[in-house]
Amino acid sequence: MASDLSGKRIIVTGAATGIGRATTLRVSASGAKVAAFDINDADGAATISDVNESGGDARYWHVDVRDETAVAGAVAAAEVWLGGVDVLIHIAGVLQGAAVELDEFPEDIWDTVLDINLRGSFTICKYVTAVMKKYGSGVIILTASGAGVTGGSSSLAYGSSKGGVHGLSLVMESHLEKYNIRVNTVCPTFVETPMVKRFFKNKNFRRRQIENIPLGRVAEVSDVATAVAFLASDAASMITGTSLLV
């Protein structure tokens, strides 16, 4: 996939580890200037160090996407540092409540997952969209999942939240096309990230997941990062309103 991002000003959330880290490194290597948001400060600093030592240009902000004040402040600061915002790649999310039955599902876990995954997506998009409208264009890439979009999930809250993110992206696309803002969603399948590695010890769980993946293998974070970089680039200038299963 062609993904020249020279001169692009990009915000990546969830940038410290997993898909977010791989994406931050990938878009930076393609020429983008990157504002990295996360709450994992130690790993976030390591990601930024790796980018800058490789000749890239990145800066880190501690941002909890549930905190609207923090999101608003970080987006404003990132706009100043970047000189504008061309692309938002929103990856921050959590998986909790796996294998918990519906009648036993704790309300606090439901609230936490929906707050981070769905409300967090809305909040970051709200403030980034206001910036993009000033410049007359933009690209927003949200992260849903096969869970809740093409099938079920190990967690009721996770699948529901990702289904909501998918729906949010479709509605946003119809609202933002008049501002020349493209909106797409990536739906990772079973990706070997820190968030899911704890489930790998359950061989039956891993086998069932792989059986549902068309190519029959666990995806690497680089697979998702490459797809995201393409959607962020001008090579995808006619792609909007899509959900890409990776």
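See the structure shown above.
Conventions used here
Residues numbered from 1 in each chain as written. Predicted model: local features only at pLDDT ≥ 70, side-chain atom pairs only at ≥ 80, totals over all residues. Heavy atoms only, no water. Helix = DSSP H or I, 4+ residues; strand = E, 2+ residues; numbered from the N terminus. Expected span 1.5 Å × (residues − 1). Contact = heavy atoms within 4.5 Å. Pairing = 2+ DSSP bridges. Axes fitted to C-alpha atoms, helices over the stretch in contact; angles between N-to-C directions. Parallel < 35°, antiparallel > 145°, perpendicular 65-115°, else oblique. Left-handed = near helix turned anticlockwise from the far one by under 90°.

### Observations regarding helix 2 (residues 41–53)
Under the 1.5 Å per step criterion, the end-to-end length of helix 2 is 18 Å for 13 residues, consistent within 8% with the ideal 18 Å. Looking at the packing, one finds that the buried side of helix 2 touches helix 1 (18–29), strand 2 (33–38) and strand 3 (57–62).

### Here's the deal with the sheet that holds strand 1 (residues 9–13)
Taking strand neighbours across the sheet as the criterion, the seven strands line up as 3-2-1-4-5-6-7 in an open arrangement whose pairing is parallel. The sheet is open, and its two borders are formed by strand 3 and strand 7 (243–245), each paired with just one other strand. The mean angle between the axes of side-by-side strands here comes to 20°, regardless of whether they run parallel or antiparallel. With six bridges connecting them, strand 5 (residues 138–143) and strand 6 (residues 181–187) associate as parallel partners. Paired with Ile140 across the bridge in strand 6 is Val183.

### Focus: the packing of helix 1 against helix 8 (residues 221–232)
Packing of helix 1 against helix 8 brings their axes to within 8 Å, and their N-to-C directions diverge by 50°. The angle between helix 1 and helix 8 falls in the class oblique. Note that helix 1 runs across helix 8; the crossing there is right-handed. On the side of helix 1, the interface is formed by Gly18, Ile19, Ala22, Thr23, Arg26 and Val27, while helix 8 contributes Val221, Ser222, Val224, Ala225, Thr226, Val228 and Ala229.

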